[in-house]
Structures are given as structure tokens and as C-alpha cells.
Amino acid sequence: MIEITLENICQVCGKKGCKEPCKKWYDLFEGKPVDFGFVEEGEKK
């Protein structure tokens, strides 16, 4: 699983053209858990 950090959160998200940090960026900055809904291979939804 990829560790989401402030440096890679935009790349992990994949959304382009953001002019300012989003709520997920701020949540991560504040130490809150951030999830993009990825499911690891072998895990059940």
C-alpha cells in the first residue's frame, strides 16, 4: 500500500489543476486519516 504524505497526496489523488489544497490535504496536515477508497489486492470491499 502506498503511504499518503503531503508530498504525494496530489499525485495519489490524480485530480489535476487544483489551485489550492483540498480538504483531504488539510486533513492529512492535521494528522487525520485520509482514504481515497483504494482496495488492496485480496481485500474484500
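Rules used throughout
- Residues numbered from 1 in each chain as written.
- Predicted model: local features only at pLDDT ≥ 70, side-chain atom pairs only at ≥ 80, totals over all residues.
- Heavy atoms only, no water.
- Salt bridge = Lys/Arg side-chain N within 4 Å of Asp/Glu carboxyl O.
- Helix = DSSP H or I, 4+ residues; strand = E, 2+ residues; numbered from the N terminus.
- Buried < 20%, exposed > 50% of the residue type's maximum accessible area, 1.4 Å probe, protein only.
- Phe/Tyr/Trp six-rings, centres within 6.5 Å; stacked < 30°, edge-to-face > 60°.
- Lys NZ or Arg CZ within 6 Å of the ring centre and 35° of its normal.

Asks: Is there a simple way to think about the pattern of salt bridges in this case?
Replies: Pairing is possible between side chains of opposite charge, provided their charged atoms come close. In the structure shown here, the tally under the stated rule is three salt bridges. D27 is the salt-bridge partner of K23, the closest N and O atoms lying 3.0 Å from each other. A residue pair is termed a helical-turn pair when its members lie 3 or 4 positions apart in one helix, as K23 and D27 do in helix α2 (residues 23–29) at four residues. The class for K23 is exposed, based on a relative accessible area of 61%. Here D27 falls in the buried class, since its relative accessible area comes to 14%. With a shortest N-O distance of 3.9 Å, D27 and K32 are connected by a salt bridge. When salt bridges with common partners are traced through the structure, they connect K23, D27, E30 and K32 into a single cluster.

Asks: For this particular structure, what's the right way to read the packing of aromatic side chains?
Replies: Each pair of aromatic rings is reported with the distance of its centres and the angle of its planes. Applying the stated criterion across every chain yields a total of two aromatic pairs. Ring geometry for W25 against Y26: centres 5.2 Å apart, planes inclined by 85°, an arrangement best described as edge-to-face. With 5.4 Å between their ring centres and 10° between their planes, W25 and F29 make a pair best called stacked. Residue W25 and its partner F29 are located together in helix α2, separated by four residues, close to a single helical turn. For F29, a relative accessible area of 55% translates into the label exposed. Clustering of aromatic rings is evident, with ring pairs tying together W25, Y26 and F29. The side chain of K24 reaches across the aromatic face of F36, ending 4.3 Å from its centre.

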